[in-house]
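Okay, here's what each chain looks like letter by letter:
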Amino acid sequence: MATEIELRRAWCKESVLNFSRYMFRRREGVRYNVGDHIRSIATALDDVARGACRRLIINIAPRYGKTELVSKMFIAYGLALNPRAQFLHLSYSDDLVLSNSRAINELLRADYFRELFPETAVSTTNAKRWNTTAGGGVYAVSTAGQVTGFGAGRVAAEDEAPAVLPGYVSGPPFNGAIVIDDPLKPTDAMSDLVREDVNFRFEHTIRSRVNDRATPIVIIMQRLHEQDLCGYLTTHEPGVWRLLSLPCLTVDADGNERALFEKKHTVAELHELERVNPFVFETQYQQNPTPLEGLMYSGFAEYDTLPVGQGVGQGVARNYTDTADTGADYLCSVCYVEFPTGLYVTDLLYTQRPMEYTEPETARMMDRNATVIARIESNNGGRGFARNVERNLRELGNRRVRIESFTQSKNKQARIFTRSAEVVNMIRFPRGWKQRWPQFASALTSYRKEGRNAHDDAPDVLTGMIESITAQNTTRYSRT
């Protein structure tokens, strides 16, 4: 019958998360605070340790526990599995990697670790480079430091059986890894020289520090620029790197905003970070690096109330809808009131959900916004969508909305670019619109003048709204 120590040992070896929870509690005296993001990262690290993943990039915001799990516990776990494993640990900061290295060394010398893994014994304690008595160890240095003379991983002898190494469960031995924690300093991200130097050093120096082609490389970092190390690698080696991106704020299938880890930041707190610095929020917290230059739209005016001071009867409630051309596109339908001084958005629908949902929901939105005229693009099935929306309106008892179905034949990108200044100058959004329609806001505010954009549905609709003014020669309408 297995002893209690043997059961603990087996449980810790089962996964990175099990190991981390046990060691953290023994070291700190409190439970390891495990959120869904920690579970996701730990699962990816399990795949690395088992040989199922050799190239892993994890994107997550600062202060979300990435260093504790990846740069400390994962390395300690690897040495518990195999005391001969060799790790190269890198970061932009010498202080960070040396602190991590000391923490790992101290953990391996702790009584509670040695009780479970006596074969993993530390022979040296120098923070920069230390070894185990079995020949494994850690070399910790900054990404700008000297890495020659040390490699990660170990070439197994030809006659070595897969499971003979002490502490390993089964399969090919896990012989160590290169672990990079934040390769680029945030304040250096805007420097092309520094950023490109980090990428160059990885390509020509760091990458070659693996002792075996099976040795994995793990990079965990916050996004800082489109061409930071993550951007560089995923662009130049598509399909080679597994990317685990963990934005702090997401939207579920029902359109509700969700915080990644509410014990760190609530939805409201994340929006406050966005208000203070939208660029930092989108880049470091949402893992969606957006260029400071090259964006199509510079910003939109917001309003608290509709401009009733212009006089009753000077505005008309309208709608513009662009149906999804393909399964990957979004249906975008915007209700707004047209006044002589601008177009005031009152409601919108921006979703990838099927027509069974969008057709009746678009009709309900038009009805509650007292829409008078609705223009629906008839490209690729839009005509059928328009008929079904009209049918749904009549079933609601609404005979007021006039549906205008039309075909858009002009080049979409050219239209969006040409009308971009008018879109910014003429369209107003209700205060708090980014929180109300986060997916729409993200698609709009990150849209670029040049290069590939994931989606153009939102800019296309706003452009169509401006074109509708021109078509009517900016006529003043009477609301009915």
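Look above for the structure.
Described in the following lines is the structure provided in the data block. (Residues numbered from 1 in each chain as written. Predicted model: local features only at pLDDT ≥ 70, side-chain atom pairs only at ≥ 80, totals over all residues. Heavy atoms only, no water.)

The secondary structure content of the protein chain amounts to 16 helices and 16 strands. Principal axes of the C-alpha set define a box for the protein chain whose edges measure 85 × 55 × 40 Å. Sorting the 480 residues of the protein chain into buried and exposed places 54% on the buried side. Partitioning the intrachain contacts of the protein chain with sequence separation of at least 6 by distance along the chain shows that 72% fall at a separation of at least 24. The averaged location of the 58 negative side-chain charges in the protein chain is 1 Å from the averaged location of its 59 positive side-chain charges. (Helix = DSSP H or I, 4+ residues; strand = E, 2+ residues; numbered from the N terminus. Buried < 20%, exposed > 50% of the residue type's maximum accessible area, 1.4 Å probe, protein only. Contact = heavy atoms within 4.5 Å. Lys, Arg positive; Asp, Glu negative; His and termini not counted. Charge placed at Lys NZ, Arg CZ, Asp CG, Glu CD.)

Throughout the structure, instances matching the rule amount to 22 aromatic pairs. Seen in terms of ring centroids, F300 and F429 are 5.3 Å apart; in terms of plane orientation they differ by 90°. Their pairing is edge-to-face. Separated by 129 residues along the polypeptide, F300 in the loop between α10 (278–285) and β10 (301–303) and F429 in strand β16 (residues 427–430) bring together distant segments of the chain. For F300, a relative accessible area of 14% puts it in the buried group. (Phe/Tyr/Trp six-rings, centres within 6.5 Å; stacked < 30°, edge-to-face > 60°.)

End to end, helix α13 (residues 412–426) covers 19 Å across 15 residues, agreeing with the expected 21 Å (1.5 Å per residue, within 8%). Remark: the principal bend of α13, roughly 55°, maps to R419. The complete set of buried residues in α13 reads K412, R415, I416, R419, S420, V423 and V424. (Expected span 1.5 Å × (residues − 1). Bend = angle between axes of the 7 residues up to and from the residue.)

The next subject is the sheet that holds β10. Here seven strands make up an open sheet; going across it, the order is β10-β16-β13-β12-β11-β14-β15 and the pairing mixed. The outermost strands of the open sheet, each flanked by one partner alone, are β10 and β15 (402–406). With direction set aside, neighbouring strand axes in the sheet form an average angle of 30°. One ladder, built from three bridges, connects β10 with β16; its direction is parallel. Bridge pairing links Y303 to P430 in β16. Contacts from helix α11 (residues 355–368) reach β11 (316–322), β12 (331–339), β13 (342–351), β14 (373–377) and β15 within the one sheet, and its direction differs from that of β13 by about 155°. (Pairing = 2+ DSSP bridges. Axes fitted to C-alpha atoms, helices over the stretch in contact; angles between N-to-C directions.)

A separate point is the side chain of D181. Relative to the assigned elements, D181 resides in strand β5 (residues 178–181). Take D181: its relative accessible area is 0%, and that puts it in the buried class. Of the polar contacts made by the side chain of D181, one reaches the side chain of S71; its length is 2.8 Å. In this structure D181 touches K66, T67, S71, H89, L90, S91, Y92, L96, N100 and I220, once residues within four positions along its chain are discounted. (Polar contact = N/O pair within 3.5 Å; in protein donor to acceptor, adjacent residues only side chain to side chain.)

On the secondary structure map, E361 appears in helix α11. Only 3.0 Å separates the side chain of E361 from the side chain of R364, close enough to count as a polar contact.

Any link to function would need more than the numbers given here.
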